[in-house]
Amino acid sequence: MRDVAEKAGVSIMTVSLALRGGEDSGRLAVETRSRVRAAANELGYIHNARARALRLGKTNVVGLYAGHGYINVRIPFYNEVVSGMQEGCEQVHRDLLLHGVFHATSEGDIVRELADGRIDGLIVAVPFASGFLATLRESGFPVVSIVDPQPGIPSVGVDDTDGARKIATHLHSLGHRKTVYVSSPDRQIASAEKRLESYVATANALGLEATVVRPHDDRHGQDLARTAIDAGATALACWNDLSAFGILAQCAAAGIRVPDDLSVVGFDGVPLPYGLPLELTTVVAPWAEVAKLAVLRLDAILNGEEVPLLTTLPVQLSPGSTTKAIS
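What comes next concerns the included structure. (Residues numbered from 1 in each chain as written. Predicted model: local features only at pLDDT ≥ 70, side-chain atom pairs only at ≥ 80, totals over all residues. Heavy atoms only, no water.)

Describing the sheet that holds strand β11 (residues 310-313)
The condition that has to hold: When DSSP finds at least two bridges between two strands, those strands are taken to pair. By definition, any uninterrupted DSSP run of H or I lasting at least four residues is a helix, any uninterrupted run of E lasting at least two residues is a strand, and each is numbered from the N terminus. Lines are fitted to the C-alpha atoms to define the axes, a helix being fitted only along its stretch in contact, and any angle between axes, read from their N-to-C directions, falls within 0 to 180 degrees.
With respect to topology, six strands assemble into an open sheet ordered β2-β1-β3-β4-β5-β11, the strand pairing being parallel. Each edge of the open sheet is held by one strand with a lone partner, namely β2 (95-98) and β11. This sheet shows a mean twist of 20° between the axes of neighbouring strands, independent of strand direction. Alignment of strand β3 (residues 121-124) against strand β4 (residues 143-146), held across three bridges, turns out to be parallel. In the sheet register, I123 faces β4, and the bridge partner there is V144.

Right, here's the structure in full:
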């Protein structure tokens, strides 16, 4: 920095401001910034962000942790989440680290890896309450949860209850009276349980029969669909879009016509996989907006501001070509 300052004819502080970026560099004249950066490029200067982080006690990096080894962005849900977090990070001038814990053997190890100083705060997408999250909260480490609320941690999610209510109401309005609901096999996922409870409660109130299935084995789409049809059901509602995608693909392979033989509904509103010709009827949840808002909430916490403990975004039913009215 001293060499850059000498070459550009400015102070070391000016070099620091010019190369820091963001709002700080805006305090300098455009010509001064350009002259400093040209000198830095000519000298091959590379800003050492790690050293600056050690000096300031912050990294300007936030992490995303999903409770397992790595975050598979090929899953449409995580694709939406990561995209939303990137947009949020750009808005608040922070970087994003997809945080995987590959070698931790205990919750204590996980806590140490997540709070070891490489990030300022954390977004978590963990579907059930866990000890390491409680430890992080008690330690004062800044954390915001998405999708499934965590005790005592600011959370951003969607209205699972209303979404499931919309599905049951939609099927009933189309004339369906006997349905199957495919729920998550994991009863610890709070959002899935909310959807299940709301669907069943709404169905009962409307006089819509709802048989609940939790697929624990290798029975895939055509088995569930065939079982539903054999039982007299005319519609099958799924707790998420991935389940619905699998059922659509397997129905096609088994010669089951959707929606003529069976109507299918999902929940999430994530992009359809390539090769599926149908437009899924689903509840659109704004996952990218949830993730972006979670970053803004985390940034506010890092700036010493108070944030709501729970933020719930609305969802919308999007009728597609996988449901139809029956006589």
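Thoughts on unusual backbone geometry
This is how the line gets drawn: Classification of residues uses two cut-offs on accessible area relative to the type maximum, computed with a 1.4 Å probe and protein chains only: under 20% is buried, over 50% is exposed, and between them is partly exposed.
Following V258, the chain continues into P259 via a peptide bond in cis, with omega recorded as 10°. Note that P259 resides in the loop between α12 (241-254) and β9 (263-268). The backbone of H93 shows a phi angle near 60°, a positive value even though the residue is not glycine. Tracing the sequence through the fold places H93 in the loop between α6 (76-92) and β2. Unlike most non-glycine residues, D268 shows phi in positive territory, near 145°. Here D268 is to be found in strand β9. Residue D268 is classed as buried on the basis of its relative accessible area, which comes to 9%.

Regarding the pairing of strand β10 (residues 281-284)
Examined bridge by bridge, β9 and β10 share four bridges and lie parallel to one another. Across the sheet, residue G266 finds its bridge partner in β10, namely T282. Note that β10 and strand β12 (residues 316-318) share three bridges and pair antiparallel. Its bridge partner lying in β12, T282 is registered against S318.

Comments concerning the packing of aromatic side chains
To keep it simple, the criterion reads: Aromatic rings from Phe, Tyr and Trp, with only the six-membered ring used for Trp, were paired whenever their centres fell within 6.5 Å, and each pair was classed as stacked if the ring planes differed by under 30 degrees, edge-to-face if by over 60, and tilted otherwise. Think of it as a cone above the ring: NZ of Lys or CZ of Arg counts as a charge over the ring if it is within 6 Å of the ring centre and within 35 degrees of the ring normal.
The tally for this structure, following the rule as stated, stands at three aromatic pairs. Summarising the aromatic geometry, the rings of F77 and W287 are spaced 5.3 Å apart at their centres and angled 80° between planes, so their arrangement reads as edge-to-face. With F77 in helix α6 and W287 in helix α13 (residues 287-302), the pair connects residues that are 210 residues apart, well separated along the chain. Of the aromatic side chains, those joined through ring pairs into one cluster are F77, Y78 and W287. Taking NZ or CZ as reference, R195 lies 3.8 Å from the ring centre of F267, over its face.

Quick notes on the environment of T322
Filter applied, for reference: Residue contacts are counted whenever heavy atoms from the two residues lie within 4.5 Å of one another. Any pair of N or O atoms that falls within 3.5 Å is considered a polar contact. Within protein, one atom must be able to donate a hydrogen and the other to accept it, and sequence-neighbouring residues count only if both atoms are side-chain atoms.
When you line up the elements, T322 lands in the segment after β12. Once the C-alpha coordinates of T322 and L248 are considered, the two residues, 74 residues apart in sequence, prove to be 8.8 Å apart. Leave out the neighbours within four places in its chain, and T322 touches L248, V258, P259, L262, S263, V264, L278, E279, L280 and T281. A polar side-chain atom of T322 sits 2.6 Å from the main-chain carbonyl oxygen of V264. A distance of 2.9 Å separates a polar atom in the side chain of T322 from the backbone nitrogen of T281.

Details of the nonpolar core
Threshold: Throughout this description, the term nonpolar core refers to a set of buried Ala, Val, Leu, Ile, Met, Phe, Trp, Tyr and Cys residues connected via side-chain atoms within 4.5 Å.
Formed by 45 residues in total, the largest nonpolar core has its most connected members in I123, I146, I167 and Y199. Apart from the residues lying within four places of it in its own chain, the contact partners of I123 are G63, L64, Y65, M85, V144, I146, A294, V295 and L298. By size, the runner-up hydrophobic cluster in this structure holds 20 residues, among which are L224, A225, I247 and I256.

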